[in-house]
Amino acid sequence: MDANALDTLVRERRSIRGYKKEAVPKELIAEIINVAKGAPSSMNTQPWFFHVVTGEPLERIREGNTAKMLSGANVDREIKMNHGYEGAYRQRQVDIAKQLFAVMGIAREDTEKRQDWVMRGFRQFDAPVCVIITYDRVLADSDDTAFDCGAVTTALVNAAWSRGLGAVINSQGIMQSPVVREHAGIADDQVIMKAVALGWPDENFPANAVVSERKSVEEAATFLGFDD
Ligand SMILES: Cc1cc2nc3c(=O)[nH]c(=O)nc-3n(C[C@H](O)[C@H](O)[C@H](O)COP(=O)(O)O)c2cc1C
């Protein structure tokens, strides 16, 4: 196992929010899922499912999401959500938004451009592919299920990145989950967890160059019982 290769992948991967129009072969996405499904899960339950959407159905999802959000409809998602970050969490949210807006040339007071940026997320960043992550409803009461979905989704975006594909895990794509359910044909026994936009990165899209900050090891961890 080459530790350097994994370190480089984890360090260099970043969210991609601008894509080339080029299609992504179905076989390549299947290959990525084949790698991702090696992620660990509680009792090896593998509660996740991937709905890979492109072409017409994805266009209908983009249109449906856009129409709903522009109409001022309330967020309608199936998983619990945070209703306003505070303190350090709010600060990190503000910091990444500032980084993205700076490179995209979006001024603080430019409400139109800010709105365009937000709508871009509801369109899945105009990516050629969107993967909707769901889990089996019978496992809905366990927090392990969310943990397992996170693990497999991280593996998915890493496997994509190592093949030159970009992705952004996003909640914006599932803010109107009934729209997604209808156009992606998702059965009622599945709970819609998250969206992942996927495609070939557009290297001329400024936001794709943004490297987000991370807290230090000292802030993230405590070590107990060591000799030194
Ligand atoms: C659960 C989750 C939800 C996210 N939702 C969104 C989203 O709705 N829109 C967006 O632009 N990015 C979204 N992101 C991407 C994060 O903003 C991004 O991962 C974070 O800023 C770190 O940047 P990096 O992925 O480039 O390392 C989400 C990421 C996760 C893990």
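1. What about the environment of F101?
Phase 1 of the analysis: Considering the arrangement of structural elements, one finds F101 in helix α4 (residues 87-104).
Phase 2 of the analysis: Residue F101 is classed as buried on the basis of its relative accessible area of 14%.
Phase 3 of the analysis: Sequence separation between F101 and A207 is 106 residues; the distance between their C-alpha atoms is 8.1 Å.
Phase 4 of the analysis: Other than its neighbours up to four places away in sequence, F101 contacts I106, R114 and W117.

2. Quick word on the side chain of T145
Phase 1 of the analysis: Counting through the fold element by element, T145 comes out in helix α6 (residues 143-161).
Phase 2 of the analysis: The residues contacting T145, other than those within four sequence positions of it, are P47, Y135 and L139.

3. Quick notes on the packing of aromatic side chains
Phase 1 of the analysis: Counted under the stated rule, the structure contains two aromatic pairs.
Phase 2 of the analysis: Plain terms: the ring middles of W117 and F205 are 6.3 Å apart, the flat faces sit at 10° to each other, and that makes the pair stacked. Of the two residues, W117 sits in helix α5 (residues 111-122) while F205 sits in the loop between β4 (190-199) and α8 (217-220), which places them 88 residues apart along the sequence. For the pair shown, W117 and F205 are each scored as buried.
Phase 3 of the analysis: Consider the rings of F223 and F226, whose centres lie 5.8 Å apart with planes at 70°: the pair is edge-to-face.

4. Concerning the side chain of N158
Phase 1 of the analysis: Within the secondary structure layout, N158 lies in helix α6.
Phase 2 of the analysis: The contact partners of N158, leaving out residues within four places of it in the chain, are L9 and R13.

5. A look at the sheet that holds strand β3 (residues 166-170)
Phase 1 of the analysis: With respect to topology, four strands assemble into an open sheet ordered β1-β2-β4-β3, the strand pairing being antiparallel. Each edge of the sheet is formed by a strand with only one pairing partner; in this case those strands are β1 (48-54) and β3. On average, each strand axis in the sheet is inclined to that of its neighbour by 25°, with strand direction left out of account.
Phase 2 of the analysis: Inspection of the sheet shows β3 paired to β4 by five bridges, in the antiparallel sense. Paired with G166 across the strands is G199, a residue of β4.
Phase 3 of the analysis: The sheet contacts of α6 involve β1, β2 (129-136), β3 and β4, and relative to β2 the element is tilted by about 155°.

6. Some remarks on the environment of R123
Phase 1 of the analysis: Among the secondary structure elements, R123 is positioned in the loop between α5 and β2.
Phase 2 of the analysis: Separated by 26 residues in the primary sequence, R123 and A97 have C-alpha atoms spaced 18 Å apart.
Phase 3 of the analysis: Not counting the four nearest positions on each side in its chain, R123 is found in contact with R62 and T66.

7. Regarding the pattern of salt bridges
Phase 1 of the analysis: Taken as a whole and judged by the stated rule, the model has eight salt bridges.
Phase 2 of the analysis: With a shortest N-O distance of 3.0 Å, R181 and E78 are connected by a salt bridge. One end of the pair, R181, is in helix α7 (residues 177-184); the other, E78, is in the loop between α3 (55-70) and α4, and 103 residues separate them in sequence.
Phase 3 of the analysis: Under the relative-accessibility criterion, R181 is labelled buried at 13%.
Phase 4 of the analysis: Residues joined by salt bridges that share partners form a network here, namely E78, R181 and D188.

8. Observations concerning the site of the ligand
Phase 1 of the analysis: Taken together, the neighbourhood of the ligand is formed by 14 residues, with R13, S15, R17, Q172 and R214 sitting nearest.
Phase 2 of the analysis: In this structure, a nitrogen atom belonging to the ligand sits 3.0 Å away from a main-chain N or O atom of I169.
Phase 3 of the analysis: In the model, a nitrogen atom of the ligand is placed 2.8 Å from a nitrogen or oxygen of the Q172 side chain.
Phase 4 of the analysis: In terms of residue count, the dominant contributor to the shell around the ligand is β3 (three residues).
Phase 5 of the analysis: Considering only residue class, the shell around the ligand consists of four nonpolar, five polar and five charged.

Rules of the game
Residues numbered from 1 in each chain as written. Predicted model: local features only at pLDDT ≥ 70, side-chain atom pairs only at ≥ 80, totals over all residues. Heavy atoms only, no water. Helix = DSSP H or I, 4+ residues; strand = E, 2+ residues; numbered from the N terminus. Buried < 20%, exposed > 50% of the residue type's maximum accessible area, 1.4 Å probe, protein only. Contact = heavy atoms within 4.5 Å. Phe/Tyr/Trp six-rings, centres within 6.5 Å; stacked < 30°, edge-to-face > 60°. Pairing = 2+ DSSP bridges. Axes fitted to C-alpha atoms, helices over the stretch in contact; angles between N-to-C directions. Salt bridge = Lys/Arg side-chain N within 4 Å of Asp/Glu carboxyl O. Near = heavy atom within 4 Å. Polar contact = N/O pair within 3.5 Å; in protein donor to acceptor, adjacent residues only side chain to side chain. Nonpolar A, V, L, I, M, F, W, Y, C, P; charged D, E, K, R; others polar.

All we've got here are geometric facts, nothing functional implied.
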